[in-house]
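Residues per chain, in single letters:
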Amino acid sequence: MEALFYVIPLLMIGLAGYAATRLVQRARDIRSAWNNGLTAEARCLRAFTTMRNDSTTQHHVYEFTTRDGRYIRFEEAYGPATTVEGDIVTVHYLAERPERATAHAPSPGVLAAGSGCALLFLGVFIAFCIVFMVIAYTMFSALEGFGF
């Protein structure tokens, strides 16, 4: 039973670490596409929203042709609500990874602020898990002293 107070927080820390890694990778991909990538015109094939916990997220599915003639289709969340099916938008992509394209307009400050806030949240979450494990360890050690 005592092990659950250590195993579950460790699993949560692992998931938070994975989320942080994915977040940093996606931010790096977007920044590289904006700074060093190519542009293409893409058509919005589908626009839809998802709801989770009273939060609505706008999604778009885009399709474009790379300079070497490949057709690429990708989905991106948090797009503008003004983009609808059939609209033509500019996408930024890296030639070696066009499937990681973005239709977001270049705004490095917004990307840095959003990524920074998300990483800060994950860091606080990880710190909370560690403090929880330390408190659990202290409590179980104190209980052993009383013969429990």
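Structure shown above.
Residues numbered from 1 in each chain as written. Predicted model: local features only at pLDDT ≥ 70, side-chain atom pairs only at ≥ 80, totals over all residues. Heavy atoms only, no water.

1. Quick notes on helix H2 (residues 108–145)
In a regular helix each residue adds 1.5 Å, so 38 residues correspond to 56 Å; H2 covers 55 Å between its end C-alpha atoms and thus fits that length. Among all positions in H2, only Leu111, Ser115, Leu122, Cys129, Met133 and Ala136 are buried. Against helix H1 (4–36) lie the buried residues of H2. (Helix = DSSP H or I, 4+ residues; strand = E, 2+ residues; numbered from the N terminus. Expected span 1.5 Å × (residues − 1). Buried < 20%, exposed > 50% of the residue type's maximum accessible area, 1.4 Å probe, protein only. Contact = heavy atoms within 4.5 Å.)

2. Observations regarding the pattern of salt bridges
Counted under the stated rule, the structure contains 5 salt bridges. Between Glu76 and Arg26 there is a salt bridge, with its nearest N and O atoms 3.2 Å apart. Of this pair, Glu76 sits in strand S3 (residues 71–77) while Arg26 is found in helix H1, placing the two residues 50 residues apart along the sequence. With relative accessibility at 6%, the residue Glu76 sits in the buried group. For Arg100, the salt bridge identified is with Asp29, shortest N-O distance 3.3 Å. Residue Arg100 is located in strand S5 (residues 97–102), and its partner Asp29 is located in helix H1; the two are separated by 71 residues in the primary sequence. Assessed through its relative accessible area of 31%, Arg100 is described here as partly exposed. (Salt bridge = Lys/Arg side-chain N within 4 Å of Asp/Glu carboxyl O.)

3. A closer look at the packing of aromatic side chains
Using the criterion set out here, one finds 5 aromatic pairs in the structure. Seen in terms of ring centroids, Tyr62 and Phe74 are 5.4 Å apart; in terms of plane orientation they differ by 40°. Their pairing is tilted. Taken together, the residues Tyr62 in strand S2 (residues 55–65) and Phe74 in strand S3 connect sequence positions 12 residues apart. Measuring from centroid to centroid gives 6.0 Å for Phe64 and Phe74, while their planes differ by 80°, and the two rings are edge-to-face. One end of the pair, Phe64, is in strand S2; the other, Phe74, is in strand S3, and 10 residues separate them in sequence. Pair check on accessibility: Phe64 and Phe74 agree, each one buried. Three or more aromatic residues joined by ring pairs make a cluster, and in this case those are Tyr62, Phe64, Phe74 and Tyr93. The side chain of Arg46 reaches across the aromatic face of Phe48, ending 4.2 Å from its centre. (Phe/Tyr/Trp six-rings, centres within 6.5 Å; stacked < 30°, edge-to-face > 60°. Lys NZ or Arg CZ within 6 Å of the ring centre and 35° of its normal.)

4. Side note on the packing of H1 against H2
Relative orientation of the contacting elements H1 and H2 amounts to 170°, with a least axis distance of 10 Å. In this view, H1 runs roughly antiparallel relative to H2, as classed from their interaxial angle. As for how H1 packs across H2, the hand of that crossing is left-handed. The residue makeup of the contact of H1 with H2, split by class, is 28 nonpolar, 2 polar and 1 charged. (Axes fitted to C-alpha atoms, helices over the stretch in contact; angles between N-to-C directions. Parallel < 35°, antiparallel > 145°, perpendicular 65-115°, else oblique. Left-handed = near helix turned anticlockwise from the far one by under 90°. Nonpolar A, V, L, I, M, F, W, Y, C, P; charged D, E, K, R; others polar.)

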